[in-house]
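Summary of the model geometry
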Amino acid sequence: MGGEAMRFLAADGEVLGEMPDDGKLENPEVLRGELRRILIGSLPEGTIRWGHRLADVTSLGTARHRVTFANGQTAETGVLVGADGALSKVRAFLSGGKPEYMGTLWIETFLHDVENRHERGARLVGPGAMLAMQPGKGIFGHREANDVIHTYVVLKKPADWPPGRPRR
């Protein structure tokens, strides 16, 4: 929802370089919540089992699956969507892949009403996206609809950082 302009900043906020939005809209974005609303709205009533935690997935062959929920209920489906993150049981079932910590921690933040409440941040990000990187750390921010800047703080840290943090 933000422009496709890109701005690169030094650690002190100095603009090192910019790529303006060329107006071609070659990388359109849709907000995750908006996409979720559109997809859910396209489904027949009762398709989604709200409040059900997935316990297991079993292949029934011919592109059908049985899902078993923690409450013991089951459902059969021809379409299986796993949208519950890196530790998703569906992702593991479909790909066999296991998440692995790669040494980079991403902290997601949102700034709202940026033109009034976060004017300096709004100027730094500009009309599209902003990157400020140094070895081992960085900040990536981009404009979204409704006067929001979506930001990620990225840090190279060991898996047990901060020390004493409980592990899952």
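Here's what I pulled together on the structure shown here. Quick caveat: nothing in here was measured; it's all calculated off a predicted structure.

**Description of the pairing of strand E8 (residues 137-144)**
In terms of residue burial, E8 counts as a mostly covered element, since six of its eight residues are buried. Hairpin connection between strand E7 (residues 129-134) and E8: a loop of two residues separates the two successive antiparallel strands, and Gly136 in this loop has a positive phi of roughly 85°. The pairing of E8 with strand E9 (residues 148-156) spans eight bridges and is classified as antiparallel. From the neighbouring strand, Ile139 faces E9, where its bridge partner is Val153. Between E8 and E9, which pair antiparallel and follow one another directly, the connecting turn spans three residues, one of which, Asn146, has a positive phi of 65°.

**A word on the environment of Val153**
For Val153, the location among the structural elements is in strand E9. Its relative accessible area of 25% is what places Val153 among the partly exposed residues. Between the alpha carbons of Val153 and Leu105 there is a distance of 8.1 Å; along the sequence they are 48 residues apart.

**Let's talk about the sheet that holds strand E5 (residues 74-77)**
Within a beta sheet, neighbouring strands are joined by backbone hydrogen bonds and run either parallel or antiparallel to one another. As summarised here, the arrangement of the three strands in space is E3-E4-E5, forming an open sheet in which the pairing is antiparallel. Only two strands of the sheet have a single partner each, and these edge strands are strand E3 (54-61) and E5. Taking the axes of each pair of neighbouring strands and ignoring which way they run, one obtains an average angle of 20° across the sheet. Bridge analysis of strand E4 (residues 64-69) against E5 gives four bridges, and the strand direction is antiparallel. Across the sheet, the residue bridging to Arg66 is Glu76, located in E5.

**Focus: a nonpolar patch on the surface**
Judged by side-chain polarity, Ile40, Leu43, Ile48 and Trp50 come together as a nonpolar surface patch covering roughly 350 Å² of accessible area. The topology assignment puts Trp50 in the loop between helix H1 (32-41) and E3. Note on Trp50: relative accessible area 54%, which makes it exposed.

Calculation rules
Residues numbered from 1 in each chain as written. Predicted model: local features only at pLDDT ≥ 70, side-chain atom pairs only at ≥ 80, totals over all residues. Heavy atoms only, no water. Buried < 20%, exposed > 50% of the residue type's maximum accessible area, 1.4 Å probe, protein only. Helix = DSSP H or I, 4+ residues; strand = E, 2+ residues; numbered from the N terminus. Pairing = 2+ DSSP bridges. Axes fitted to C-alpha atoms, helices over the stretch in contact; angles between N-to-C directions. Patch = residues over 30% accessible without salt bridge, like charges linked within 9 Å, V, L, I, M, F, W, Y side chains within 5 Å. Areas by Shrake-Rupley, 256 points an atom, 1.4 Å probe, with all protein chains shown as cover. Salt bridge = Lys/Arg side-chain N within 4 Å of Asp/Glu carboxyl O.

The values are spatial; any link to function lies outside them.
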